[in-house]
Amino acid sequence: KTQGKTTQNDFAYDVKALPSMPSITNEADVFLGLSTVPGFVAPRDNDGAPYIRFLTDALDKMSHGHDLLTIMTTVCARMNELKDGGLGYVSSNHSTLRKRLFFRPR
């Protein structure tokens, strides 16, 4: 697996001779939402984790008409409003979704 400007020139297989494989990998259509970026600690108080409060609030208010990425962007903005020593927090998302994800109304 190569990313960036580096390439592999010693690939020993003829790709055309390999058996046919599905074009969608196992990693497709996965969304991971984290309360902070890797390597940092998210806040938690007596009422629990603000990330969970912001997430449930955003899902409750926005899921009827907004896609998941828009909702998670709102959560990230609300996390950044929390200030600790003048610095805000930021949540993190990783997505391999191939389409916008909407929730069906009840």
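Above this text you will find the structure in question.
Scoring rules and cut-offs
- Residues numbered from 1 in each chain as written.
- Predicted model: local features only at pLDDT ≥ 70, side-chain atom pairs only at ≥ 80, totals over all residues.
- Heavy atoms only, no water.
- Helix = DSSP H or I, 4+ residues; strand = E, 2+ residues; numbered from the N terminus.
- Buried < 20%, exposed > 50% of the residue type's maximum accessible area, 1.4 Å probe, protein only.
- Areas by Shrake-Rupley, 256 points an atom, 1.4 Å probe, with all protein chains shown as cover.
- Contact = heavy atoms within 4.5 Å.
- Salt bridge = Lys/Arg side-chain N within 4 Å of Asp/Glu carboxyl O.
- Expected span 1.5 Å × (residues − 1).
- Arc of directions from axis to C-beta.
- Core = buried A, V, L, I, M, F, W, Y, C linked by side-chain atoms within 4.5 Å.
- Axes fitted to C-alpha atoms, helices over the stretch in contact; angles between N-to-C directions.
- Parallel < 35°, antiparallel > 145°, perpendicular 65-115°, else oblique.
- Left-handed = near helix turned anticlockwise from the far one by under 90°.
- Nonpolar A, V, L, I, M, F, W, Y, C, P; charged D, E, K, R; others polar.

Engineer: Looking at this model, I keep getting lost on the overall build of the protein chain. Mind explaining?
Structural biologist: If you tally the helices and strands in the protein chain, you get 2 helices and 4 strands. Ordered by position in the sequence, the α and β elements of the protein chain form the string β-α-α-β-β-β. Taking all 106 residues of the protein chain together, 19% fall into the buried category. Total accessible area computed for the protein chain in this model is approximately 8900 Å², and 55% of it derives from carbon and sulfur atoms.

Engineer: Teacher, can you tell me more about the side chain of Ser92 here?
Structural biologist: Mapped onto the elements of the fold, Ser92 is located in strand 4 (residues 92–95). Beyond its immediate sequence surroundings of up to four residues, Ser92 is in contact with Leu32, Gly33, Leu34, Thr36, Val37 and Pro38.

Engineer: Where do I start with the pattern of salt bridges in this structure?
Structural biologist: Within the structure shown, the criterion is met by 5 salt bridges. A salt bridge links Asp57 to Arg78; the shortest N-O distance between them is 2.9 Å. Of this pair, Asp57 sits in helix 1 (residues 50–62) while Arg78 sits in helix 2 (residues 68–81), placing them 21 residues apart in sequence. For Asp67, the salt bridge identified is with Arg100, shortest N-O distance 3.4 Å. Pair noted here: Asp67 is in the loop between helix 1 and helix 2 and Arg100 is in the segment after strand 4, with a separation of 33 residues, a long-range link. Residue classification places Arg100 among the exposed residues on the basis of a relative accessible area of 60%.

Engineer: Sorry if this is basic, but what is going on with helix 1 here?
Structural biologist: Here helix 1 contains 13 residues, and its C-alpha end-to-end distance of 17 Å stays within 8% of the 18 Å for a straight helix at 1.5 Å per residue. All of the buried residues in helix 1 are Pro50, Tyr51, Phe54, Leu55, Ala58 and Met62. Projection of helix 1 onto a plane perpendicular to its axis shows the buried side chains occupying an angular sector of 130°, all on one side. Looking at the buried positions of helix 1, the neighbouring elements they touch are strand 1 (31–34) and helix 2.

Engineer: What am I meant to see in the nonpolar core here?
Structural biologist: As a rule of thumb, soluble globular proteins bury nonpolar side chains together. Of all hydrophobic cores here, the largest spans 11 residues; its members are Tyr51, Phe54, Leu55, Ala58, Met62, Leu68, Ile71, Met72, Val75, Met79 and Tyr89. Looking at this core, the elements with two or more residues in it are helix 1 and helix 2. In this view, Ala58 contacts Ser63, Ile71 and Val75; residues no more than four positions away in its chain are not counted.

Engineer: What should I look at first to understand the packing of helix 1 against helix 2 in this one?
Structural biologist: The relative placement of two packed helices is expressed as an angle between their axes plus a distance between the axes. With their axes 9 Å apart at the nearest point, helix 1 and helix 2 run at an angle of 140° to one another. On the basis of their axis angle, the class for helix 1 and helix 2 is oblique. As for the relative orientation of helix 1 and helix 2, their crossing is right-handed in sense. Contacts from Pro50, Tyr51, Phe54, Leu55, Asp57, Ala58, Leu59 and Met62 in helix 1 reach Thr70, Ile71, Met72, Thr74, Val75, Arg78 and Met79 in helix 2. For the contact of helix 1 with helix 2, the per-class residue count stands at 11 nonpolar, 2 polar and 2 charged.

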